[in-house]
Amino acid sequence: MDAIFDDLSTALRKPQSDFGAKVRVIALDAAGKFFTGVAIGVGFAIVHALAG
């Protein structure tokens, strides 16, 4: 019976976050925004070149 409560307390404990995880999330978000901007810019350049 005690093992059930030990597992429950372990499951409800706040997860430990490290600094590297936050940096990876910020870097991945920045890279996604950068490549989205590049794709939009290339799209505008192609449309502009085809339109004359």
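Residues numbered from 1 in each chain as written. Predicted model: local features only at pLDDT ≥ 70, side-chain atom pairs only at ≥ 80, totals over all residues. Heavy atoms only, no water.

(A) The overall build of the chain, seen in detail. Looking only at helices and strands, the chain features 2 helices and 0 strands. Looking at the chain residue by residue over its 52 residues, the buried ones come to 0%. Carbon together with sulfur atoms contributes 72% to the accessible area of the chain, which is approximately 4,900 Å² in total. (Helix = DSSP H or I, 4+ residues; strand = E, 2+ residues; numbered from the N terminus. Buried < 20%, exposed > 50% of the residue type's maximum accessible area, 1.4 Å probe, protein only. Areas by Shrake-Rupley, 256 points an atom, 1.4 Å probe, with all protein chains shown as cover.)

(B) Spatial organisation of the packing of aromatic side chains. In this structure the tally under the stated criterion is 1 aromatic pair. Taking the centre distance of 5.3 Å and the plane angle of 70° together, the rings of F34 and F35 count as edge-to-face. Neither residue differs from the other here; F34 and F35 are each classed as exposed. (Phe/Tyr/Trp six-rings, centres within 6.5 Å; stacked < 30°, edge-to-face > 60°.)

(C) Layout of helix α2 (residues 19-51). Compared with the 48 Å implied by 1.5 Å per residue over 33 residues, the 48 Å span of α2 between its first and last C-alpha is a close match. A positive phi of about 115° marks G52, the residue just after α2. (Expected span 1.5 Å × (residues − 1).)

(D) Quick peek at a nonpolar patch on the surface. Taken together, the side chains of F34, F35, V38, V42, I46 and L50 define a hydrophobic patch exposed on the protein surface, amounting to about 640 Å² of accessible area. Among the secondary structure elements, I46 is positioned in helix α2. Judged by its relative accessible area of 48%, I46 falls in the partly exposed class. (Patch = residues over 30% accessible without salt bridge, like charges linked within 9 Å, V, L, I, M, F, W, Y side chains within 5 Å. Salt bridge = Lys/Arg side-chain N within 4 Å of Asp/Glu carboxyl O.)

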